Amino acid sequence: MPHQHTGIDKAQILTEALPYIQRFAGKTLVVKYGGNAMTDPELESSFARDIVLLKTVGLNPIVVHGGGPQVDSFLKQLGRESDRIDGMRVTDPATMEVVEMVLGGSVNKSIVNLINQHGGRAIGLTGKDGNLIRAQKLLMSKTAEDGSLQQIDLGLVGEVVGVKTDVLEMFTQSDFIPVIAPLGVDEEGNTYNINADLVAGKVAEALGAEKLILLTNIMGVLDENKNLLTGLSTQEVDRLIETGVIYGGMIPKVGCALDAVKGGVVSAHIVDGRVPHATLLEIFTDHGVGTLITNRARH
């Protein structure tokens, strides 16, 4: 009898997924892929299958990936290291060459290959392709001990000033799944290294995507008692940042999700990428596995 139970369980899962599949058919999702999900072979496989399944049932997934650890290990092999300021990599021209080679080359193509191995048709892009991501130098300032504002020069670290959506629409309207490395280019043709969460958020905003999904190495947004907050409105997120419940490394991630929702993305999800099939569970089940941020909270 155990086989029959498994079959019934599968059927129940499929019927639970049906209304979500119907609701999201033809809609665009932007998934930021990084962290553990990108370094554990089992999670890599489950991620690739999720993306292929999304495309197969009629959604349009777009993948934006990071790759900081891979850049670090390659720099180490070359006997070099890059400094970090507040978690941001200081990127001089020589480091930028490595960043572009690793993110735009080996990391991007390994993800493309992974999705293709699971039956998808992935195409690798960087922000340079078709002028996809227009960037400018990111200007950061920091409050010094004496209270004065100090400018921090991170070198070739950029922010997104524009996204040309026609390139992506060409792929999403066909069978292809775009996989984007977070590099951008400015008016003068200088290449910039951009935070992948930021790129994913801006791509989702520019496309008016249904969902932005940020895979992370934590459960999601937690309250004061370390319980997962499953549904938050934009006002609640603002309040949690003000009161210090959301702090440290979570602020930029949550800020990115918040900006995307305020900029027209229907919902943003901060999801635990350490859970196999996290993307599918968040989109196609009633409970989800992360924090949903929307103009209305999840009920």
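Residues numbered from 1 in each chain as written. Predicted model: local features only at pLDDT ≥ 70, side-chain atom pairs only at ≥ 80, totals over all residues. Heavy atoms only, no water.

**Topic: helix 7 (residues 234-242)**
Next up, step 1: The complete set of buried residues in helix 7 reads Thr234, Val237 and Leu240. End-on view of helix 7: buried residues confined to an arc of 120°, all on one side of the axis. Of the exposed residues in helix 7, those oriented more than 90 degrees away from the buried face are Gln235 and Glu242.
Next up, step 2: Where helix 7 is buried, its residues touch strand 14 (231-233), helix 8 (250-262) and strand 16 (290-294).
Next up, step 3: Just past helix 7, the residue Gly244 takes up positive phi, approximately 85°. (Buried < 20%, exposed > 50% of the residue type's maximum accessible area, 1.4 Å probe, protein only. Helix = DSSP H or I, 4+ residues; strand = E, 2+ residues; numbered from the N terminus. Arc of directions from axis to C-beta. Contact = heavy atoms within 4.5 Å.)

**Let's talk about helix 4 (residues 93-117)**
Next up, step 1: For helix 4, which comprises 25 residues, the first-to-last C-alpha distance of 35 Å matches the rise-based estimate of 36 Å (1.5 Å per residue) to within 8%.
Next up, step 2: Taken as a whole, helix 4 carries its principal kink of about 30° at Asn108.
Next up, step 3: At the exit of helix 4 stands Gly119, carrying a positive phi of roughly 95°. (Expected span 1.5 Å × (residues − 1). Bend = angle between axes of the 7 residues up to and from the residue.)

**Notes on the UniProt feature "binding site: substrate" (unreviewed entry) in the chain**
Next up, step 1: UniProt's entry tags Gly67, Gly68, Arg89 and Asn193 with the feature "binding site: substrate" (unreviewed entry), counted in the numbering of this structure. Across 127 residues, the annotated set stays spatially compact, with a maximum C-alpha separation of 12.0 Å.
Next up, step 2: Tracing the chain through its elements places Gly67 in the loop between strand 2 (60-65) and helix 3 (68-77).
Next up, step 3: Tracing the chain through its elements places Asn193 in strand 12 (residues 191-193).
Next up, step 4: Excluding its chain neighbours within four sequence positions, the residues that come into contact with Asn193 are Arg89, Thr91, Met96, Val99, Leu103, Leu156, Val157, Gly158, Pro182 and Leu183. (UniProt positions renumbered as here; feature names shortened; annotations may be inferred.)

**A look at the environment of Ser174**
Next up, step 1: Among the secondary structure elements, Ser174 is positioned in the loop between helix 5 (165-172) and strand 10 (177-181).
Next up, step 2: On the basis of relative accessibility, which here comes to 27%, the residue Ser174 falls in the partly exposed class.
Next up, step 3: Counting along the chain gives 137 residues from Ser174 to Ala37, while the straight-line C-alpha distance between them is 27 Å.

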